[in-house]
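Notes for the structure review
For reference, the chains in residue letters:
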Amino acid sequence: QQQQQQQNRTQEEEDKKEASIAPQAQAEMKHLQKRIRNVQESIQLSTASIANPSVWEANVLNAVRNCIQEWRAIVNHYPLSELEDNVGEGNTQESSTSSSSSTKSSLAVYMLLQLSMQCGPLQGGKPGYFKRCGSAVAKMALRFLESVLPSNEDATVTLRFTTKQVDAVAKWKVLADKAAQAEKEPSKSALKKQTGKNKKNKKKNK
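Residues numbered from 1 in each chain as written. Predicted model: local features only at pLDDT ≥ 70, side-chain atom pairs only at ≥ 80, totals over all residues. Heavy atoms only, no water.

1. Some thoughts on the overall build of the protein
For the protein, the helix and strand inventory stands at nine helices and zero strands. From first element to last, N terminus to C terminus, the protein shows the α and β order α-α-α-α-α-α-α-α-α. The burial tally for the protein puts 37% of its 206 residues in the buried class. Put simply, of all contacts in the protein between residues at least 6 apart along the chain, 77% involve residues at least 24 apart. Surface summary for the protein: the accessible area is close to 12900 Å², and the carbon and sulfur share equals 49%. (Helix = DSSP H or I, 4+ residues; strand = E, 2+ residues; numbered from the N terminus. Buried < 20%, exposed > 50% of the residue type's maximum accessible area, 1.4 Å probe, protein only. Contact = heavy atoms within 4.5 Å. Areas by Shrake-Rupley, 256 points an atom, 1.4 Å probe, with all protein chains shown as cover.)

2. Thoughts on the packing of helix H2 (residues 53-77) against helix H5 (residues 135-148)
A pair of packed helices can be characterised by two numbers: the angle between their axes and the separation between those axes. At a minimum axis distance of 10 Å, the contact between H2 and H5 shows a crossing angle of 10 degrees. Taken together, H2 and H5 sit at an angle that is classed as roughly parallel. Contacts from Pro-53, Ser-54, Trp-56, Glu-57, Leu-61, Val-64, Arg-65, Ile-68 and Arg-72 in H2 reach Val-137, Met-140, Ala-141, Arg-143, Phe-144, Ser-147 and Val-148 in H5. Residue classes in the contact of H2 with H5 are distributed as 10 nonpolar, two polar and four charged. (Axes fitted to C-alpha atoms, helices over the stretch in contact; angles between N-to-C directions. Parallel < 35°, antiparallel > 145°, perpendicular 65-115°, else oblique. Nonpolar A, V, L, I, M, F, W, Y, C, P; charged D, E, K, R; others polar.)

3. Concerning the layout of surface pockets
The space that makes up the largest pocket amounts to roughly 490 Å³. Looking at the lining of the largest pocket, its residues break down into seven nonpolar, 10 polar and five charged. In this structure, the second largest pocket occupies an estimated 320 Å³ of space. Lining of the second largest pocket is provided by 13 residues; of these, Phe-130, Lys-131, Leu-175, Lys-178 and Ala-179 occupy positions nearest its centre. With four residues, the top contributor of residues to the lining of the second largest pocket is helix H7 (residues 163-182). Of the residues contributing to the lining of the second largest pocket, the split by class is five nonpolar, three polar and five charged. (1 Å grid on protein atoms, 1.4 Å probe; cavity = no way out; pocket = protein on both sides within 12 Å on 5 of 7 lines; lining within 4 Å. Points joined across faces, edges and corners; volume = space filled by probe spheres on them.)

4. Digging into the pattern of salt bridges
All chains considered together, the criterion is met by five salt bridges. In this structure, Glu-70 and Arg-35 form a salt bridge, with 2.4 Å as the shortest nitrogen-oxygen distance. Separated by 35 residues along the polypeptide, Glu-70 in helix H2 and Arg-35 in helix H1 (residues 2-45) bring together distant segments of the chain. The class for Arg-35 is partly exposed, based on a relative accessible area of 31%. We note a salt bridge from Glu-153 to Arg-72, for which the minimum N-O separation is 3.0 Å. A residue pair is termed long-range when its members are at least 10 positions apart, and Glu-153 in the loop between H5 and helix H6 (155-158) and Arg-72 in helix H2 qualify at 81 residues. Arg-72 sits in the buried class, given a relative accessible area of 19%. (Salt bridge = Lys/Arg side-chain N within 4 Å of Asp/Glu carboxyl O.)

5. Quick word on the packing of aromatic side chains
Inspection of the entire model under this criterion finds two aromatic pairs. Note on Tyr-110 and Phe-161: the rings are 5.6 Å apart at their centroids and 85 degrees apart in plane angle, and the pair reads as edge-to-face. In this pair, Tyr-110 is assigned in helix H4 (residues 92-116) and Phe-161 in the loop between H6 and H7, connecting sequence segments 51 residues apart. We note that Tyr-110, like Phe-161, is buried. With centroids separated by 6.1 Å and ring planes inclined at 15 degrees, the aromatic side chains of Tyr-110 and Trp-172 adopt a geometry described as stacked. (Phe/Tyr/Trp six-rings, centres within 6.5 Å; stacked < 30°, edge-to-face > 60°.)

6. Structural notes on H7
Spanning 20 residues, H7 covers 29 Å between terminal C-alpha atoms, matching the ideal 28 Å at 1.5 Å per step. Gln-165, Ala-168, Val-169, Trp-172, Lys-173, Ala-176, Ala-179 and Ala-180 are the residues of H7 that are buried. Down the axis of H7, the buried side of the element spans an arc of 145 degrees, and every buried residue falls inside it. Exposed residues on H7 whose side chains face more than 90 degrees from its buried face are Thr-163, Lys-164, Lys-171, Val-174, Lys-178 and Gln-181. Residue Glu-183 follows H7 closely and has a positive phi angle near 50 degrees. (Expected span 1.5 Å × (residues − 1). Arc of directions from axis to C-beta.)

Now the structure itself:
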């Protein structure tokens, strides 16, 4: 009987622990999503300045890296999968919210990563297009991608990315590596954007 009582107490303690984890995890995911929105807004408002590779690396890649690291820390710290699976039958709505929050966060992180690969010197309709940006930018992108998603890491676990998303990042790495090894200068149009020497600036200087 004492053993049964001890088991009950242990189960009660575990239930309390799980209940306390839920709001903490939710709060941190909300904070992360707000941070991501701020970075996205900053990118949209700084289109001209982040075309400069150095500014892009400092203001975009570093900010995106910090968001990815925050999400990785949340996934590593909180047993989100257990939280989603172990919510009581009477709290099905809470379980659904937790699951959707986790999915929403991982998708938001991936979309931000994708945005970083199609803004600044990589601006275009297709992420990870390195044919015109030059080898220097491709090397920056490759270093960044390797730092946020190392090849020996399973991002479907550490970042809750889908297999399709992981494959997309792997493809960007291959394309960036290819462009980096080509040792080519940016195209003329890309160079004008990167240096800020566009037609409007030329007219002003005349």
